[in-house]
2 protein chains.
Amino acid sequence: MAEVEVAPVSYEDLALIEEEFAEVDDEIQRKQHELSKPLYAKRAEAVSKIPNFWPLVMEQAPMEIEDYITPLDSAIFAEHLTNLTVTRPELEEGKSGNPKTFSIKFEFSENEYFEDKVLEKTFWHRRAADDWVGLVSEPVKIHWKKGKDSTDGLTNAALALFEARKKVGDFKSHAVPEYKALEKKVEANGGNTSFFTWFGWVSNRRYVTAEESEKANKEYAQRKAARKGGEKPDAPLVEKQEEEDDEEDDSMVEVHAAGEEIAVTISDEMWPNAIKLFVQAQEAEDISDIDMEEFDDEEIDAAEDEPVDIRSLVQSTEKRSRDSSGAPPPKKAKK
Amino acid sequence: MAEVEVAPVSYEDLALIEEEFAEVDDEIQRKQHELSKPLYAKRAEAVSKIPNFWPLVMEQAPMEIEDYITPLDSAIFAEHLTNLTVTRPELEEGKSGNPKTFSIKFEFSENEYFEDKVLEKTFWHRRAADDWVGLVSEPVKIHWKKGKDSTDGLTNAALALFEARKKVGDFKSHAVPEYKALEKKVEANGGNTSFFTWFGWVSNRRYVTAEESEKANKEYAQRKAARKGGEKPDAPLVEKQEEEDDEEDDSMVEVHAAGEEIAVTISDEMWPNAIKLFVQAQEAEDISDIDMEEFDDEEIDAAEDEPVDIRSLVQSTEKRSRDSSGAPPPKKAKK
């Protein structure tokens, strides 16, 4: 790469300004968490009275998630998903924690597939020794019932590798036998995975422990402070990573290609917009129930520009579910 | 539509909870504005020292905007755009103003196309009497030089209609002669518009005055308060709009189909991410400058996973612009 020269102040400024914007973003996320928390509690209480609230929300999952839900997954969610909750564990313990770390908790009713009533996965936002920054997660144990493992042993094998590495104290190890075993399984699987494989996801790169992250963050903060103080150390603020070596790359044993994308879509889109998605699901059901011939074209055109009226939508559906006899269908309303 | 029944509490709750989330969103936006303001000032100062900062950012405009930039527009931006600023005028006056109202200010150097050094357009977030909510904007006068109007008179005609309606005190009027004149122009134009036509955009529906909005907001707040107090008035919280009548629809005289989309993309994407877009533009330039044969495939593959190093990128480009002779090209870095 091109040699590094002493840059004009304004360029150095740009990197520092971006840093400061990132700090403001974190502060805003903390504030949002604080202000929204009681509302999410209120929402949880309200939606607990609505049968199938979360299964209906899951039906409206954005494409990024829908693509990874098989018909069997879909049936499990439809019949057994009783609750979904997103939390920010590092904000619960202390206000100054990392707002980018989050947990997603699925709750299920008794079912024929697995023993677990709760499957919770935490996505830690961490910094590696070489300044890679991103989400990492531990594989979650799913207690499959006999013959019911829809991930074909992938989640178990992911967990086995994680435990083996923990035991030898090296999360980069390719030497433990569980590495080769998982590599083979991943290769054989060919990406045709159940949604539940997502619970085995670890990282887009490799796992980073809390200790490694803490040390790296401390060093990064020191470099940043030096920069702000006007010092210009030899090393750039963000160090150029060395050529990727195999040790830093766990892609051969990653059980889910889109683990991070799915997690972020749930936490940042589905969770805050759950009520809107629920209303959409109601609407979709209403429309599929309607004999479209009842409308002439003019009526449909006129309806296009009308805003969604949450209340009449949910009410009319509620009404239908109590009395599905002869009431006229609600009018299609679309934003 | 289906008749409205007394709904179970939880459904009524959903609409109220969504309202409360919307209030939190507004508060968060105000907080973000407050915390980011000094950073945007700092950024403005820093980037003012970088020639072509904003033209380079415009080059990286998201697709939603790029689609509406003609080659001529592109040349005007490249040669004459000196600054771009997004402000929130209703937050400047008082903290409790509407954070969804914003202004976009383009600054230009002396040029052969128009006299204006500044073109600023404000997007007011307003509520209509029938509870439609959205952005509206007044057409901005552009002082085109003789024969240089790239909008073929559309912006002038949009302004003429706006002024005529203001004069008769009826912003819905279809009776003023300027309505028919603009309708003809829009029809003849066929959507083949210059970016500058955007300065004539009014609304996705029709203009709403500050007075109409204030009154509608007051009434809405009263209904909301009544609901929170447990009252269940006959009217739903969000009133179902009547069938659209022609009076509420100005689409036949709207000069730009994507005015709101462009405005929101500038304020919510380009403005906060300007430094990232600038770095992208540098990178794109670097790559197009590079003789790709210098890399073998392996090197390119290895580079794919490396993070962008803002500092080395801007530095290396800076270096090249001072000495474009024989320095080796910087390595392609991609997030």
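Please refer to the structure placed before this passage.
Residues numbered from 1 in each chain as written. Chains lettered and ligands numbered in written order. Predicted model: local features only at pLDDT ≥ 70, side-chain atom pairs only at ≥ 80, totals over all residues. Heavy atoms only, no water.

A. Focus on the overall build of chain A. Along chain A, the regular secondary structure elements total twelve helices and four strands. Counting the 335 residues in chain A, one finds 50% classified as buried. Residue pairs at least 24 apart in sequence account for 71% of intrachain contacts in chain A once pairs closer than 6 positions are excluded. Accessible surface for chain A amounts to roughly 16600 Å². Of this, 49% is attributable to carbon and sulfur atoms. (Helix = DSSP H or I, 4+ residues; strand = E, 2+ residues; numbered from the N terminus. Buried < 20%, exposed > 50% of the residue type's maximum accessible area, 1.4 Å probe, protein only. Contact = heavy atoms within 4.5 Å. Areas by Shrake-Rupley, 256 points an atom, 1.4 Å probe, with all protein chains shown as cover.)

B. Just the packing of helix α6 (residues 154–168) of chain B against helix α7 (residues 177–189) of chain B, in detail. Residue and element names in this part refer to chain B. Their axes nearest at 9 Å, the elements α6 and α7 cross at an angle of 155 degrees. Here α6 is positioned roughly antiparallel relative to α7, judged by the angle of their axes. Remark: the crossing between α6 and α7 carries left-handed chirality. Across the interface between the two elements, Leu 154, Ala 157, Ala 158, Ala 160, Leu 161, Ala 164 and Arg 165 from α6 touch Glu 178, Tyr 179, Leu 182, Lys 185, Val 186 and Asn 189 from α7. (Axes fitted to C-alpha atoms, helices over the stretch in contact; angles between N-to-C directions. Parallel < 35°, antiparallel > 145°, perpendicular 65-115°, else oblique. Left-handed = near helix turned anticlockwise from the far one by under 90°.)

C. Inspection of the sheet that holds strand β2 (residues 102–108) of chain A at higher detail. Residues and elements named next belong to chain A. Pairing in this open sheet of four strands is antiparallel, and the strands run β1-β2-β3-β4 from one edge to the other. The two strands at the open ends of the sheet, each matched to only one other strand, are β1 (81–87) and β4 (133–136). Each neighbouring strand pair of the sheet contributes to a mean axis angle of 10 degrees, computed without reference to strand direction. Relative to β2, β1 runs antiparallel, the two sharing six bridges. The residue bridging Thr 87 from the neighbouring strand is Ser 103, located in β2. The strands touched by helix α9 (residues 259–270) within the sheet are β1, β2, β3 (118–127) and β4, with β2 carrying the most contacts at an inclination of about 80 degrees. (Pairing = 2+ DSSP bridges.)

D. Representation of the environment of His125(B) within the structure. Residues and elements named next belong to chain B. Looking at where His 125 falls in the secondary structure, it is placed in strand β3 (residues 118–127). For the pair His 125 and Pro 99, spaced 26 residues apart in sequence, the C-alpha to C-alpha distance is 8.5 Å. Non-local contacts of His 125, meaning those with residues more than four positions away in its chain, are made with Asn 98, Lys 100, Thr 101, Val 133, Gly 134 and Leu 135. Only 3.2 Å separates the side chain of His 125 from the side chain of Asn 98, close enough to count as a polar contact. (Polar contact = N/O pair within 3.5 Å; in protein donor to acceptor, adjacent residues only side chain to side chain.)

E. Quick look at the nonpolar core. Core analysis: the largest hydrophobic core is formed by 103 residues, its most contacted members being Phe106(A), Ile266(A), Phe106(B) and Ile266(B). Among the elements that take part in this core, helix α1 (residues 9–47) of chain B stands out by supplying ten residues, more than any other. Residues contacting Phe106(A), with those up to four places away along its chain left out, are Phe77(A), Leu81(A), Asn83(A), Leu84(A), Lys117(A), Val118(A), Leu119(A), Phe195(A), Trp198(A), Phe199(A) and Ile266(A). (Core = buried A, V, L, I, M, F, W, Y, C linked by side-chain atoms within 4.5 Å.)

F. Seen up close, the pattern of salt bridges. Residues and elements named next belong to chain A. Applying the stated criterion to the full structure yields 42 salt bridges over all chains. Across the salt bridge formed by Lys 117 and Glu 110, the nearest N and O atoms sit 3.2 Å from each other. The exposure class assigned to Lys 117 is partly exposed, which follows from its relative accessible area of 40%. The exposure class of Glu 110 is exposed, given its relative accessible area of 56%. Among the charged side chains, a network of salt bridges with common partners joins Asp 130, Lys 172, Arg 205, Arg 206, Glu 212 and Glu 248. (Salt bridge = Lys/Arg side-chain N within 4 Å of Asp/Glu carboxyl O.)

G. The packing of aromatic side chains, seen in detail. A complete count under the given rule lists 56 aromatic pairs over all chains for this structure. Each ring, one from Phe106(B) and one from Phe108(B), has its centre 6.2 Å from the other, and the planes form 10 degrees; the classification is stacked. Taken as a pair, Phe106(B) and Phe108(B) share a single burial class, namely buried. A centroid spacing of 5.9 Å and a plane angle of 80 degrees characterise the contact between Trp144(B) and Phe196(B), whose relative ring orientation is edge-to-face. Of this pair, Trp144(B) sits in the loop between β4 (133–136) and α6 while Phe196(B) sits in the loop between α7 and α8 (210–228), placing them 52 residues apart in sequence. With respect to burial, Trp144(B) and Phe196(B) carry one shared label: buried. Cluster of aromatic residues (ring-pair linked, three or more members): Phe77(A), Phe102(A), Phe106(A), Phe108(A), Phe114(A), Phe123(A), Trp144(A), Phe195(A), Phe196(A), Trp198(A), Phe199(A) and Trp201(A). Over the face of the ring belonging to Trp271(A) we find Arg43(A), whose NZ or CZ atom lies 4.4 Å from the ring centre. (Phe/Tyr/Trp six-rings, centres within 6.5 Å; stacked < 30°, edge-to-face > 60°. Lys NZ or Arg CZ within 6 Å of the ring centre and 35° of its normal.)

H. Up close: the pairing of β3(B). Residues and elements named next belong to chain B. With six bridges joining them, strand β2 (residues 102–108) and β3 adopt antiparallel strand pairing. In the strand pairing of β3, Ile 104 is matched with Lys 121. In this antiparallel pair of consecutive strands, β3 and β4, the connection spans five residues, and Asp 131 shows a positive phi of 75 degrees.

I. How the structure looks around the sheet that holds β4(B). All names here are of chain B. Read from one edge of the open sheet, four strands run β1-β2-β3-β4, paired in antiparallel fashion. Each of the sheet's edge strands pairs with one partner strand only, and the pair in question is β1 (81–87) and β4. Geometrically, the sheet is characterised by an average inter-axis angle of 10 degrees between neighbouring strands, direction not taken into account. The pairing of β3 with β4 spans four bridges and is classified as antiparallel. In the strand pairing of β4, Arg 126 is matched with Gly 134.

J. Quick look at the environment of Arg205(A). All names here are of chain A. Topologically, Arg 205 is positioned in the loop between α7 (177–189) and α8 (210–228). With a relative accessible area of 6%, Arg 205 lands in the buried category. In this structure the C-alpha to C-alpha distance between Arg 205 and Asp 246, which are 41 residues apart in sequence, comes to 10 Å.

K. Geometry of the environment of Lys167(A). You can see Lys167(A) is positioned in helix α6 (residues 154–168). When the C-alpha atoms of Lys167(A) and Leu81(A) are compared, they prove to be 34 Å apart, with 86 residues separating the residues in sequence.

L. Focus on α7(B). Residues and elements named next belong to chain B. The end-to-end C-alpha distance of α7, which contains 13 residues, comes to 19 Å, matching closely the 18 Å that a straight helix rising 1.5 Å per residue would cover. All buried positions along α7 are accounted for by Tyr 179, Leu 182, Glu 183, Val 186 and Asn 189. Mapping the buried residues of α7 onto a view down its axis gives an arc of 130 degrees, with all of them on the same face. Pointing more than 90 degrees away from the buried face of α7 are the exposed residues Pro 177, Lys 180, Lys 184, Glu 187 and Ala 188. Here the buried face of α7 lies against α6. Immediately downstream of α7, the backbone of Gly 190 shows phi near 65 degrees, a positive value. (Expected span 1.5 Å × (residues − 1). Arc of directions from axis to C-beta.)

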